[in-house]
Amino acid sequence: MGIRVAVAGASGYAGGELLRLIAGHPELDLVAATAHTQAGTPVSVVHPQLTGLDLTLGATDAATLGDADLVFLALPHGQSAALAAQLPGGVKIVDLGADFRLRDAALWERYYGGAHAGTWTYGLPELPGQRAAIAASDRVANTGCYAATITLALAPLIAAGVADPADIVVVASSGTSGAGRSAKVNLLGSEVMGDLSTYKTGAHQHVPEIKQATGADSLSMTPVLAPMPRGILATVTARPIGRTHPREVLQAAYADEPFVHVLPEGQWPHTAATVGSNSCHLQATVDVDSGRIIVVSALDNLGKGAAAQAVQCANIMLGIPETAGLSVFGVAP
Ligand SMILES: NC(=O)C1=CN([C@@H]2O[C@H](COP(=O)(O)OP(=O)(O)OC[C@H]3O[C@@H](n4cnc5c(N)ncnc54)[C@H](OP(=O)(O)O)[C@@H]3O)[C@@H](O)[C@H]2O)C=CC1
Ligand SMILES: CC(=O)N[C@@H](CCC(=O)OP(=O)(O)O)C(=O)O
């Protein structure tokens, strides 16, 4: 018997990807998977890609989940705190939602509404000192998907003093699974196919999270909905300070990281190359006209942006190899 894990919100996109990763993990055993309206339905009905996983979705409550050593919460914002409070104190938790990511209660309330539940250790192991903090924690708040993509591109540049934290501009495209599985008119195939559009323009909820994680003072972010199921491609530009090339800084920061890859010079990130993996691909240059730093970052929003990163954090919390059950390689084309 391995380490006992459970997934709440297992009928959703992030929950489904968690189930797939746990099923292939050498040290984790899935003991429960729960849902809300779809409780009582076999997993393979809700997720045909998981046919062969013989399990029925249970109710999302402490009785069903509390027997696990570690619980992944993949619930809508605002749903994690009440459930986490009911789970036994010895159960480790990785929350994929936003409830515990922000330190500033006023910012949480402004962007998400409702009362701020608290702050847990931030689940991005590649940030300086964060791997050790995650290892010492029983409660971890996984990153937002855009936040992971953009923070990995930006944090080393601000820390090294080569990018002006007061002058950051981001345009980032996401596949539609980033919006979750519930039906919305603007996510219908006939609306999304053949279209690109901005949304939450000038007011995205990941901006305070990225500022908190990177030390940026001012950051403009424009999200774009892209007609593809998975993937995020972020173009991050910043006013440079000094003449150090941004690529050198990123290479030094991530030289020993298994999942963050600065691509060979001349190669630029593709979302398709990261799908199914826990990898983030980066490339950087200096704009020949404006002199601004440009970093392009790509990852799978359900991989390094959600479920795979949650498994990476769980591995660290459980003291097992950080890369266990995770793929560096994508499944393109
Ligand atoms: N999708 C992504 O790319 C990313 C998602 N996240 C975060 O992960 C979490 C899950 O996202 P995602 O999988 O996309 O969402 P989905 O909408 O696809 O799934 C939501 C899940 O939560 C369950 N649920 C809905 N309402 C309730 C409720 N009131 N109480 C308990 N369970 C409920 C649903 O069950 P049922 O189907 O039975 O109704 C379903 O299992 C969110 O917090 C999201 O922000 C983070 C990073 C990336
Ligand atoms: C395409 C799309 O709608 N994406 C979502 C990403 C949400 C997410 O993954 O992050 P949270 O966990 O913080 O909600 C959005 O932009 O709000």
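Residues numbered from 1 in each chain as written. Chains lettered and ligands numbered in written order. Predicted model: local features only at pLDDT ≥ 70, side-chain atom pairs only at ≥ 80, totals over all residues. Heavy atoms only, no water.

Re the site of ligand 1
Right, on to step 1. Looking at ligand 1, there are 26 residues lining it, with Ser 11, His 36, Thr 37, Gln 38 and Leu 75 nearest.
Right, on to step 2. Within the contact set of ligand 1, an oxygen atom lies 3.0 Å away from a backbone nitrogen or oxygen of Tyr 13.
Right, on to step 3. Ala 14 is positioned such that a nitrogen or oxygen atom in its backbone is 2.8 Å from an oxygen atom of ligand 1.
Right, on to step 4. Those elements that place two or more of their residues in the shell around ligand 1 are helix H1 (13-23) and helix H11 (303-318).
Right, on to step 5. Its residues assigned to classes, the shell around ligand 1 comprises 11 nonpolar, 14 polar and 1 charged.
Right, on to step 6. Per-domain counts for the shell around ligand 1 show at least three residues from each of domain 1 (3-142 + 304-318) and domain 2 (146-301). (Near = heavy atom within 4 Å. Polar contact = N/O pair within 3.5 Å; in protein donor to acceptor, adjacent residues only side chain to side chain. Helix = DSSP H or I, 4+ residues; strand = E, 2+ residues; numbered from the N terminus. Nonpolar A, V, L, I, M, F, W, Y, C, P; charged D, E, K, R; others polar. Domains from an automatic or database assignment.)

Remarks on the sheet that holds strand E7 (residues 139-142)
Right, on to step 1. Ordered by their spatial adjacency, 7 strands build an open sheet running E3-E2-E1-E4-E5-E7-E6, and the pairing between neighbours is parallel. The two strands at the open ends of the sheet, each matched to only one other strand, are strand E3 (58-59) and strand E6 (121-123).
Right, on to step 2. In the sheet, strand E5 (residues 92-95) pairs with E7 via 3 bridges, with the strands oriented parallel. Bridge pairing links Val 94 to Val 140 in E7.
Right, on to step 3. Here H1 sits on the sheet and contacts strand E1 (3-8), strand E2 (28-35) and strand E4 (70-73); the angle it forms with E1, its principal contact strand, is near 160 degrees.
Right, on to step 4. Packing against the sheet, H11 makes contact with E1, E2, E4, E5, E6 and E7, and its axis sits at approximately 160 degrees to E7. (Pairing = 2+ DSSP bridges. Contact = heavy atoms within 4.5 Å. Axes fitted to C-alpha atoms, helices over the stretch in contact; angles between N-to-C directions.)

With respect to the UniProt feature "active site" (unreviewed entry) in the protein chain
Right, on to step 1. Here the UniProt feature "active site" (unreviewed entry) sits at Cys 145.
Right, on to step 2. Beyond its immediate stretch of four places on either side in the chain, Cys 145 contacts His 206, Ile 232, Leu 299, Asn 301 and Gly 305. (UniProt positions renumbered as here; feature names shortened; annotations may be inferred.)

A closer look at the sheet that holds strand E14 (residues 293-299)
Right, on to step 1. As summarised here, the arrangement of the 7 strands in space is E9-E10-E8-E11-E14-E13-E12, forming an open sheet in which the pairing is mixed. Strands with a single pairing partner mark the edges of an open sheet, and in this sheet they are strand E9 (197-198) and strand E12 (260-262).
Right, on to step 2. Judged from the 8 bridges that link them, strand E8 (residues 163-174) and strand E11 (residues 232-240) form a sheet pairing that is antiparallel. Considered in E11, the bridge of Ser 173 is made with Leu 233.

Regarding the nonpolar core
Right, on to step 1. Membership of the largest hydrophobic core comes to 40 residues, with the highest contact counts inside it found for Ile 168, Val 170, Leu 219, Val 236 and Val 295.
Right, on to step 2. No other element matches the 11 residues that helix H7 (residues 145-159) contributes to this core.
Right, on to step 3. The residues that make up this core include at least three from each of domain 1 (3-142 + 304-318) and domain 2 (146-301).
Right, on to step 4. With residues up to four places along the chain from it excluded, the contact list for Leu 219 reads Leu 154, Ile 168, Val 170, Val 207, Ile 210 and Lys 211.
Right, on to step 5. Formed by 36 residues, the second largest nonpolar core is a distinct cluster that contains Leu 70, Ala 74, Cys 313 and Ile 320. (Core = buried A, V, L, I, M, F, W, Y, C linked by side-chain atoms within 4.5 Å. Buried < 20%, exposed > 50% of the residue type's maximum accessible area, 1.4 Å probe, protein only.)

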